[in-house]
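Okay, here's what each chain looks like letter by letter:
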Amino acid sequence: MPSIRVLLVEDHDMVAEALGMALDRADGIEVVGRAVSIAEAGAETGRLRPDVVLLDRRLPDGDGIEAIGSLASAAEGVRVLVVAGEVSAAMATRAVAAGGAGLIAKSSGLKELEAAVREVAAGGMVFTPDLLADVLDRLTGRAAHPGGGLTARERQTLALLGEGASTVEISRRLGVARNTARNHVQRVLEKLGARSKLEAVVIARRDGLLD
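Residues numbered from 1 in each chain as written. Predicted model: local features only at pLDDT ≥ 70, side-chain atom pairs only at ≥ 80, totals over all residues. Heavy atoms only, no water.

1. Notes on the overall build of the protein
Next up, step 1: Of the regular secondary structure elements, the protein holds ten helices and eight strands.
Next up, step 2: Principal-axis analysis of the C-alpha atoms gives the protein an extent of 60 × 35 × 30 Å.
Next up, step 3: Residue burial in the protein is summarised as follows: out of 211 residues, 46% are buried.
Next up, step 4: Across the protein, the fraction of contacts at a sequence separation of at least 24, relative to all contacts at a separation of at least 6, is 62%.
Next up, step 5: Roughly 10,700 Å² of accessible area belongs to the protein as shown, and the carbon and sulfur atoms make up 52% of that amount.
Next up, step 6: One finds the centroid of the 26 positive side-chain charges in the protein at a distance of 7 Å from the centroid of its 29 negative side-chain charges. (Helix = DSSP H or I, 4+ residues; strand = E, 2+ residues; numbered from the N terminus. Buried < 20%, exposed > 50% of the residue type's maximum accessible area, 1.4 Å probe, protein only. Contact = heavy atoms within 4.5 Å. Areas by Shrake-Rupley, 256 points an atom, 1.4 Å probe, with all protein chains shown as cover. Lys, Arg positive; Asp, Glu negative; His and termini not counted. Charge placed at Lys NZ, Arg CZ, Asp CG, Glu CD.)

In structure tokens form, the structure reads like this:
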């Protein structure tokens, strides 16, 4: 059978080299190119016509997930698998909604990465194992209310975000260190599936979590 042709989209040289070496050693997988930005990924996908695009979530010119649609339309039959340093069910659901074939962590083992590429090339979908149940619930509409997983402190943080408070102000009003306040904000964003403070407030108001 012909090899699975993979395009790596990763801006960090050491990560790209490690991924490339791991996949090149696998039987039946060939890394045909590398891109370091969303713009270059679109051009290279159209030129090389890979079977799978292994797409970094964070790139210099934007969020990789937002580029999935344009990459999928750049070459017929190409499938996009997102890799990220930190993964969540909300992120995985976003990737699928955008037309992606799944999400795995950069910390995944080489065998897991190889298996993920093979599964995606065969038409399947792949998620980091500990996300699978939550992702399936979200995709089938069985997920709990978006704000149901927020702790009391995270609800306080969300309320302050709704008032337009900055991270510094949240730190002062909650009486915690700035790094702690920043962590609270980040967890609120992750649990609501938001990419920014503003989007978190919009989602919270839509879902009745804020007045």
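2. Examining the sheet that holds strand S8 (residues 126–127)
Strand pairing in a sheet relies on backbone hydrogen bonds. The paired strands run either parallel or antiparallel.
Next up, step 1: Taken together, six strands build an open sheet; the order of strands is S2-S1-S3-S6-S7-S8 and the sheet is parallel. Each of the sheet's edge strands pairs with one partner strand only, and the pair in question is strand S2 (29–35) and S8.
Next up, step 2: Across two bridges, the pairing between strand S7 (residues 102–105) and S8 is parallel. Paired with glycine 102 across the two strands is valine 126, which belongs to S8. (Pairing = 2+ DSSP bridges.)

3. Here's the deal with the packing of helix H7 (residues 152–162) against helix H10 (residues 197–206)
Next up, step 1: The N-to-C vectors of H7 and H10 enclose an angle of 105°; their axes lie 9 Å apart at closest approach. Taken together, the axis directions place H7 and H10 in an arrangement best described as roughly perpendicular. Across the interface between the two elements, Leu158, Leu161 and Gly162 from H7 touch Lys197, Ala200, Val201, Ala204 and Arg205 from H10.
Next up, step 2: Its residues assigned to classes, the contact of H7 with H10 comprises five nonpolar, one polar and two charged. (Axes fitted to C-alpha atoms, helices over the stretch in contact; angles between N-to-C directions. Parallel < 35°, antiparallel > 145°, perpendicular 65-115°, else oblique. Nonpolar A, V, L, I, M, F, W, Y, C, P; charged D, E, K, R; others polar.)

4. Digging into helix H1 (residues 13–25)
Next up, step 1: For H1, which comprises 13 residues, the first-to-last C-alpha distance of 18 Å matches the rise-based estimate of 18 Å (1.5 Å per residue) to within 8%.
Next up, step 2: Of the residues making up H1, those classed as buried are Ala16, Leu19, Gly20, Ala22 and Leu23. Buried residues in H1, looked at end-on, bunch into an arc of 165°, giving them a common side. Among the exposed residues of H1, those pointing more than 90 degrees away from its buried face are Asp13, Met14, Glu17 and Arg25.
Next up, step 3: Buried residues belonging to H1 abut strand S1 (4–9), S2, strand S3 (52–56) and helix H5 (110–121). (Expected span 1.5 Å × (residues − 1). Arc of directions from axis to C-beta.)

5. Comments concerning H7
Next up, step 1: Looking only at H7, the buried set comprises Glu154, Thr157, Leu158, Leu160, Leu161 and Gly162.
Next up, step 2: Structurally, H7 contributes buried residues whose contacts are with helix H8 (167–174), helix H9 (178–192) and H10.
Next up, step 3: Directly beyond the C-terminal end of H7, a positive phi value near 85° is found at glycine 164.

6. Structural notes on the pairing of S7
Next up, step 1: Both faces of S7 are covered, namely the face carrying Gly102 and Ile104 and the face carrying Leu103 and Ala105.
Next up, step 2: Where strand S6 (residues 79–84) meets S7, three bridges bridge the pair, whose relative direction is parallel. When the bridges of S7 are listed, valine 83 appears paired with isoleucine 104.
Next up, step 3: Each parallel crossover has a hand, and for S6 linked through helix H4 (residues 89–97) to S7 it is right-handed. (Right-handed = clockwise from strand over helix to strand, strands pointing away.)

7. Considering the packing of H8 against H9
Next up, step 1: It is the contact of H8 with H9, at a shortest axis distance of 8 Å, that shows an interaxial angle of 110°. In terms of orientation, H8 lies roughly perpendicular with respect to H9. Residues Thr167, Val168, Ile170, Ser171 and Leu174 of H8 form the contact with H9, whose own contacting residues are Arg178, Ala181, Arg182, His184 and Val185.

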